[in-house]
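Results of the structural survey
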Amino acid sequence: MKKIASLTCVAALCLPAFALAEVPADLDTDADGVLTIDEVQASFPEVTSDGFSAMDLNADGVLDEDEVVAAQEAGLMPPTES
Ligand SMILES: [Ca+2]
Ligand SMILES: [Ca+2]
């Protein structure tokens, strides 16, 4: 029982951490926490694959929250705050 309780506790602690690392919800249409090029282009058709690659700092093919913030600060992606 003790082990199950501590696992539940860890899971509960992890959830807020994920919530803090969310990408803009209006862009993340499948809500998986990262943006694909399709999701970016759905809102910003002017973003090219080259532009997306420039934003994808770790080159894993998706943008996480840090990369979105960096892209917006660099002017590569328009701000999403309405
Ligand atoms: Ca997504
Ligand atoms: Ca990435």
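Residues numbered from 1 in each chain as written. Chains lettered and ligands numbered in written order. Predicted model: local features only at pLDDT ≥ 70, side-chain atom pairs only at ≥ 80, totals over all residues.

1. Structural notes on the environment of Ala 25
Which entries qualify depends on this criterion: Numbering goes from the N terminus for both helices and strands, where a helix is a DSSP run of H or I of at least four residues and a strand is a run of E of at least two. With C-beta atoms placed from the backbone, the exposure class of a residue follows from how many other C-beta atoms lie within 10 Å of its own: 20 or more, buried; 12 or fewer, exposed; in between, partly exposed.
Note on placement: Ala 25 falls in the loop between α1 (2-20) and α2 (37-43). We classify Ala 25 as exposed; it has 9 C-beta atoms within 10 Å. Separated by ten residues in the primary sequence, Ala 25 and Leu 35 have C-alpha atoms spaced 9.8 Å apart.

2. Examining the UniProt feature "domain: EF-hand" (unreviewed entry) in the protein
Where we set the bar: UniProt positions are given in the numbering used here, feature names are shortened, and annotations may be inferred rather than shown by experiment.
UniProt annotation of "domain: EF-hand" (unreviewed entry) refers to residues 51-67 when read in the numbering used here. Helix and strand shares over residues 51-67 are 47% and 0% respectively, and the end C-alpha atoms of the span are 12 Å apart.

3. Digging into unusual backbone geometry
Located in the positive-phi region is Ala 31, a residue other than glycine, with phi close to 55°. By the element assignment, Ala 31 lies in the loop between α1 and α2. A positive phi angle, near 55°, is found at Ala 59, a position not held by glycine. Following the sequence through the fold, Ala 59 ends up in the loop between α3 (49-55) and α4 (65-73).

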